Amino acid sequence: MTKHKTWRLGVAGLGTVGTGLLTFLADHAKYAPAGGQAVVTGVSARSRSRPRPFDISGLPWVDDPVALATSAEIDIFVELIGGSDGPAKAAVEAALGAGKPVVTANKALIAEHGAELAVLAEAKGVPLLFEAAVMGGVPAVKIVREALVGDDIRSIAGILNGTCNFILTEMEATGRSFGEVLGEAQRLGYAEADPTMDVGGFDAAHKISILAALAFGCAPNFAAAEIEGIENVDLLDIQLARDLGYRIKLVASADRSSDGVLVRVHPSLAPLAHPLAQAGGALNALFIDGARTGRIFIQGPGAGAGPTAAAVAADIADVMTTGTRPVFQVPASQLEPFKPVDPAKSIGRAYLRLSVKDEPGVIAAVSETLAEAGVSIESFLQKPIENAPAILKGGVPIVLTTHAVAESVLKAAIERIAALPAVLDRPRLLRIARI
Ligand SMILES: NC(=O)c1ccc[n+]([C@@H]2O[C@H](COP(=O)([O-])OP(=O)(O)OC[C@H]3O[C@@H](n4cnc5c(N)ncnc54)[C@H](OP(=O)(O)O)[C@@H]3O)[C@@H](O)[C@H]2O)c1
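Not measured: the values here are computed from a predicted model. The numbers attached to residues start from 1 for each chain and follow its sequence in the written order. The model is predicted, so local features are restricted to residues of pLDDT at least 70 and side-chain atom pairs to those at 80 or more, both for listing and for counting; the totals for chains, interfaces and linings are taken over all residues. Side-chain calculation: all heavy atoms of the structure are included, whereas hydrogens and water are not.

1. Side note on the overall build of the chain
Here is step 1: Within the chain one finds 14 helices and 16 strands.
Here is step 2: C-alpha atoms of the chain, sized along the principal axes, occupy 80 × 45 × 35 Å.
Here is step 3: Scored against the burial criterion, the 435 residues of the chain give a buried share of 53%.
Here is step 4: Sequence separation of at least 24 residues holds for 75% of the intrachain contacts in the chain that already meet a minimum separation of 6.
Here is step 5: The Shrake-Rupley method, run with a 1.4 Å probe sphere, supplies the accessible areas, and residue values consider only the shown protein chains as cover. Put simply, the chain shows about 17,600 Å² of open surface, and 53% of that area lies on carbon and sulfur atoms.
Here is step 6: Positive: Lys, Arg. Negative: Asp, Glu. His and the chain ends are not part of the count. Throughout, a charge is located at the NZ atom of Lys, the CZ atom of Arg, the CG atom of Asp or the CD atom of Glu. One way to put it: in the chain the 39 positive side-chain charges average out to a point 4 Å from where the 46 negative ones average out. Comment: elements are numbered from the N terminus, with helices defined as DSSP H or I runs of at least four residues and strands as E runs of at least two. Here's how the labels work: a residue is buried when its accessible area is under 20% of the maximum for its type, exposed when over 50%, partly exposed in between, all with a 1.4 Å probe on protein chains only. We call two residues in contact when some of their heavy atoms are within 4.5 Å.

Shown next, in the form of structure tokens:
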């Protein structure tokens, strides 16, 4: 790649992150890592006239992000539109096709189309960088792709969605329901008007799919992720889990074994003293377990204009200062096909909450059924509840945790328990995080 004194940036997407980046660049008018200077020579968004926290009237406007991506007036294309397809994908493909380095914050795009984009970028010999796509301002991508490339990463697990973490933290702190806290998060701007990507676990799944590809040298495969969001986390379970010494977090994990790779997102129990349980509010936190290095823990703000724009600016600096690394852990042509592990084979501990008739013999019946199904109980909690919530359907709650058991065995046991006459509703299953 030619060395430039001045690097001309085309920025498509002028929302939270885009205007955050423009503000950063304006505050650092001489943003000049290693001597080269970054200057914005084109911007694009949906509406030219929409009021923005940054005045764009002095910047050259291009209606079509694809035209900006291929413009002769830019050297680096910065994609901050979002979405796995549509204009973001078209513009990134066009920029790479035109041999322009791309910096993006778009986790959906990289998780769903990263492998094909990597082929395109590497064929053209240009970087495709996405530090801001995972954990916002926390340099998770760099740590996994670059700093730990000399290790064999075995597993990654953490909290990758700040909105969900905020909601779960508030539910526990204030005793309010999921719906009430979500409404407040939307009013405060922590949650989108359509919160599905966040609370449904899809955003965390995009991020962990990217980390899996970086860590394990496989093609990212969002479609293979097993995803459960936090919409059905009930306050009762938060309180009962706490009584057992746990806190419920939305945990995203990627594990590699000889069978392949398992990528999952689930509301999971973390022991109260564990760093993941301690990461409250909108924080993100991540454990990386390497065969040589052991466990590394990183934590910080996973979103917001400032932290995310800082990560985008760091990628721009990388384009300006260094050569081109593979987009993922290894060159695109050497990425292993993603070999998914059947989640039914995964082994772990579990939390089960049952609503049962308040009559003698119920606990014995549940215990016997679980034992017959091959599930061993670790702890049992029966707690009288004042003002029993409607989800108990007039019954009393019993809660138990299991020893490690294969998911298929556990699911079969749940079916048998659900069929017991004294059990009033399907047992609620939550995993205990393997952290
Ligand atoms: N927000 C965060 O904290 C954060 C953190 C990490 C990563 N990210 C990622 O960063 C990216 C941007 O997020 P954001 O929060 O900044 O989003 P945002 O505030 O919704 O901004 C999106 C921008 O894209 C523009 N846009 C939307 N559709 C377009 C189209 N069809 N053609 C041209 N422009 C279009 C919008 O134009 P108008 O302004 O004219 O409507 C807006 O400027 C996403 O990939 C997101 O996942 C965000």
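On we go.
2. With respect to the packing of helix α4 (residues 107-124) against helix α9 (residues 202-216)
Here is step 1: Axis definition: a line fit to C-alpha positions, over the contact stretch in the case of helices; interaxial angles, taken between N-to-C directions, run 0 to 180 degrees. For the pair α4 and α9, interaxial distance at closest approach is 9 Å and the crossing angle is 55°. Relative to α9, the element α4 is oriented oblique. Note on packing geometry: the crossing formed by α4 with α9 is left-handed. Contacts between α4 and α9 involve K107, A108, I110, A111 and E112 from the former and D203, H206, K207, S209 and I210 from the latter. Each angle receives one of four descriptions, namely roughly parallel if under 35 degrees, roughly antiparallel if over 145, roughly perpendicular if within 65 to 115, and oblique otherwise. Should the near helix be turned anticlockwise from the far one by less than a right angle, the crossing is termed left-handed; should it be turned clockwise, right-handed.

3. Regarding the site of the ligand
Here is step 1: Around the ligand, a shell composed of 22 residues is seen, among which L14, S47, R50, R52 and G304 lie nearest.
Here is step 2: Polar contact is defined as a pair of N or O atoms within 3.5 Å, subject to the rule that within protein one atom must be able to donate a hydrogen and the other to accept it, and that residues adjacent in sequence are counted only when both atoms are side-chain atoms. Here an oxygen atom of the ligand sits 3.1 Å away from a polar atom, N or O, in the main chain of G15.
Here is step 3: Contact between the ligand and K107: an oxygen atom at 3.3 Å from a side-chain N or O atom of the residue.
Here is step 4: A total of 900 Å² of accessible area belongs to the ligand in isolation, and the protein chains cover 79% of it.
Here is step 5: Following the grouping adopted for this structure description, the nonpolar residues are Ala, Val, Leu, Ile, Met, Phe, Trp, Tyr, Cys and Pro, the charged ones are Asp, Glu, Lys and Arg, and the polar ones are all others, Gly among them. Tallied by class, residues from the shell around the ligand come to 10 nonpolar, 8 polar and 4 charged. Any residue with a heavy atom positioned within 4 Å of a molecule or strand is treated as near that molecule or strand.

4. A few points about the sheet that holds strand β2 (residues 37-44)
Here is step 1: Two strands pair if DSSP finds at least two bridges between them. An order of β2-β1-β3-β4-β5 is seen for the 5 strands of this open sheet, with the pairing classed as parallel. Taken across any chain shown, the strands that pair with only one partner, and hence form the sheet edges, are β2 and β5 (128-129).
Here is step 2: In the sheet, strand β1 (residues 6-12) pairs with β2 via 7 bridges, with the strands oriented parallel. Paired with R8 across the two strands is V39, which belongs to β2.

5. Let's talk about the pairing of strand β12 (residues 347-356)
Here is step 1: Burial runs high along β12: 8 of the 10 residues are buried.
Here is step 2: As paired elements, β12 and strand β16 (residues 428-432) share 5 bridges and run antiparallel to each other. The residue of β16 that forms the bridge with L352 is L429.
Here is step 3: Examined bridge by bridge, β12 and strand β14 (residues 396-402) share 6 bridges and lie antiparallel to one another. Across the sheet, residue S355 finds its bridge partner in β14, namely P397.

6. Concerning the domain arrangement of the chain
Here is step 1: Annotation of the chain at the domain level lists domain 1 (6-137 + 308-334), domain 2 (140-300) and domain 3 (343-432).
Here is step 2: Between domain 1 and domain 2, the C-alpha centre-to-centre distance is 26 Å.
Here is step 3: Counting from both sides, the interface comprises 22 residues of domain 1 and, opposite them, 26 residues of domain 2.
Here is step 4: What counts as buried area is the accessible surface, traced by a 1.4 Å probe, that two parts surrender upon association, with contributions from both included. Contact between domain 1 and domain 2 buries roughly 2,000 Å² in total, counting both sides, with carbon and sulfur atoms accounting for 64%. These domain boundaries are the output of an automatic or database domain assignment.

7. Looking at the pattern of salt bridges
Here is step 1: Any carboxyl oxygen of Asp or Glu that lies within 4 Å of a side-chain nitrogen of Lys or Arg is treated as forming a salt bridge with it. For the structure on display, the rule yields 27 salt bridges.
Here is step 2: E170 is the partner of R176 in a salt bridge, and the nearest nitrogen-oxygen pair spans 3.5 Å.
Here is step 3: Judged by relative accessible area, which is 19%, E170 ranks as buried.
Here is step 4: The residue R247 makes a salt bridge to E172 at a minimum N-O spacing of 2.8 Å. On the criterion of sequence distance, the pair formed by R247 in strand β8 (residues 246-257) and E172 in helix α6 (residues 162-174) is long-range, its members being 75 residues apart.
Here is step 5: The buried category is assigned to R247, whose relative accessible area is 18%.
Here is step 6: It is possible to trace a salt-bridge network through shared partners that takes in E226, E228, R264, E407, K411, R428 and R431.

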